[in-house]
Amino acid sequence: MEKIIGLIDAPFTPMHPNGDINLEPIAAYADMLHKNGLKGVFINGSSGEGYMLTTEERMALAERWMEVKPEGFKVIVHVGSCCLRESKKLAAHAAKIGAWGIGSMAPPFPKIGRIEELVKYCEEIASAAPELPFYYYHIPAFNGAFLPMLDLLKAVDGRIPNFAGIKYTFESLYEYNQCRLYKGGKFDMLHGQDETILPSLAQGGAQGGIGGTTNYNGRELVGIIDAWSRGDVETAREKQNFSQEVINVICNYRGNIVGGKRIMKLIGFDLGPNRVPFRNMTDEEERSMKAELEAIGFFERCNKF
């Protein structure tokens, strides 16, 4: 099974002021990401507010991304849902429209607390699109599924034929690396924390990743990997430290889903509001965040159109 090389973006969902999805910007969005070095998108995930979209909206978004994607640009569809039947419907739809792959986090309700429960959940979804690579999206801060991922790999090995690997969005570089080393690197371990790409590269990981701050800081994040690959550790270190400064700013404004989406407006690409119950930024907060970003030289280094 093919392993992903390079960084995949987790895009925001464009929305009209009234909260309806807006398909119009997606063509320009895809071109911008491709131009700045991203290798694909992981749509309808946490950055895209996927759990707050209807099944029909998620299908429409997937179809639009497939229609406008640049040549060779991977479209991976997050199909997770609290309703397993809806997840399977989304997985089958992703296969029908020719998506590159699918993925799912554990549902926030009911909370999954055992490996076998998680394996069964993944197995059911993966079976609905058996020809597509399936990735488990490990982000326990969102769903409370603080389960050992090495145990998950052992449990799915030989049981879910199209289980490709894990999008690993958690703080343990040790566990990430142990999963990466399992059976000589059998599974694709996609690095999911933009703030720790460099230390993961030093371990041999982060050859592929999926991030959220790549939406606006993708050039710098891709630059970390490029600098590392040519042996320029100092440049890689500087770019990683700068990327952490950007993350420090968005953490002051309710994180990537809220603050990051508003940054898109500041760089000239307004993707609209977040859905309730997210609390959208005020104009005063936007001005404050812009000043903080200007102070670190962000607008000279951010993604360009």
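Residues numbered from 1 in each chain as written. Predicted model: local features only at pLDDT ≥ 70, side-chain atom pairs only at ≥ 80, totals over all residues. Heavy atoms only, no water.

**So, the overall build of the protein**
Rules: The way it works is that DSSP assigns letters per residue, a run of H or I at least four long becomes a helix, a run of E at least two long becomes a strand, and they are numbered from the N terminus. Each residue's exposure class comes from its accessible area (1.4 Å probe, protein chains only) as a fraction of the maximum for that residue type: buried when under 20%, exposed when over 50%, partly exposed otherwise. Contacts: residue pairs with any heavy atoms within 4.5 Å of one another. In this description, accessible areas are obtained by the Shrake-Rupley approach with a 1.4 Å probe, and a residue is regarded as covered only by the protein chains that are shown. In this tally, Lys and Arg are treated as positive and Asp and Glu as negative; His is ignored, and so are the chain termini. In plain terms, the charge of a residue is placed at NZ if it is Lys, CZ if Arg, CG if Asp and CD if Glu.
Helix and strand counts for the protein come out as 12 helices and 8 strands. Projecting the C-alpha coordinates of the protein onto the three principal axes gives extents of approximately 50 × 45 × 35 Å. For the protein, the residues scored as buried account for 59% of the 305 residues in total. The contacts in the protein between residues at least 6 apart in sequence include a share of 75% that link residues at least 24 apart. Within the structure as shown, the protein displays about 12600 Å² of accessible surface, and the carbon and sulfur contribution to it stands at 53%. With 34 positive and 38 negative side-chain charges, the protein shows a separation of 3 Å between the mean positions of the two kinds.

**What to know about the packing of aromatic side chains**
Rules: Each Phe, Tyr or Trp ring (for Trp, its six-membered ring) is paired with any other whose centre lies within 6.5 Å, and the angle between the two planes then decides the class: stacked below 30 degrees, edge-to-face above 60, tilted in between.
One pass over the structure, following the stated rule, counts 13 aromatic pairs. The interplanar angle of 75° and the centroid separation of 5.7 Å between the aromatic rings of F42 and Y137 together place this pair among those described as edge-to-face. Of the two residues, F42 is situated in strand β2 (residues 40-43) and Y137 in strand β5 (residues 134-138); the sequence distance between them amounts to 95 residues. Overall, the relative accessible area of 3% leaves F42 in the buried class.

**Quick look at the pairing of β5**
In regular strands, side chains alternate between the two faces of the sheet. Note the threshold: One requirement defines pairing of two strands: DSSP has to find at least two bridges between them. Handedness rule for crossovers: strands pointing away from the viewer, path from the first strand over the helix to the second running clockwise, crossover right-handed.
Counting buried positions along β5 gives 5 out of 5 residues, so the element sits mostly inside the fold. Examined bridge by bridge, strand β4 (residues 101-105) and β5 share 4 bridges and lie parallel to one another. From the neighbouring strand, G103 faces β5, where its bridge partner is Y135. On the question of chirality, the crossover connecting β4 to the parallel β5 by way of helix α4 (residues 115-127) is right-handed. As judged from the 5 bridges shared by β5 and strand β6 (residues 163-168), these two strands associate in the parallel manner. In the sheet register, F134 faces β6, and the bridge partner there is F163.

**Points about unusual backbone geometry**
Cis rather than trans, the peptide bond between F109 and P110 has omega equal to -5°. Structurally, P110 is set in the loop between β4 and α4. Geometrically, the link from V276 to P277 is a cis peptide bond, its omega value of 15° lying close to zero. You will see that A206, though not glycine, has its phi angle at about 60°, which is positive. Checked against the element boundaries, A206 lands in the loop between α8 (197-203) and β8 (208-211).

**Considerations on the nonpolar core**
Here is the rule: In this text, buried Ala, Val, Leu, Ile, Met, Phe, Trp, Tyr and Cys residues form a nonpolar core when linked through side-chain atoms within 4.5 Å.
Core analysis: the biggest nonpolar cluster contains 86 residues, and Y136, L152, F163 and F298 have the highest contact counts within it. Among the elements that make up this core, the one with the highest residue count is α4 (7 residues). Beyond its immediate stretch of four places on either side in the chain, F163 contacts M1, F134, Y136, L152, L153, V156 and F187.

**A look at helix α3 (residues 84-96)**
Three or four residues apart is the spacing at which side chains of an α-helix point the same way, because the helix has 3.6 residues per turn. Under the convention used in this document: What a helix should span is 1.5 Å times the count of its residues minus one.
Look at α3: 18 Å from first C-alpha to last across 13 residues, which is about the 18 Å you get at 1.5 Å a residue. Every buried residue of α3 is accounted for by S87, L90, A91, H93, A94 and A95. Contacts made by the buried residues of α3 are with α2 (55-68), β3 (74-78), β4 and α4. At the exit of α3 stands G98, carrying a positive phi of roughly 90°.

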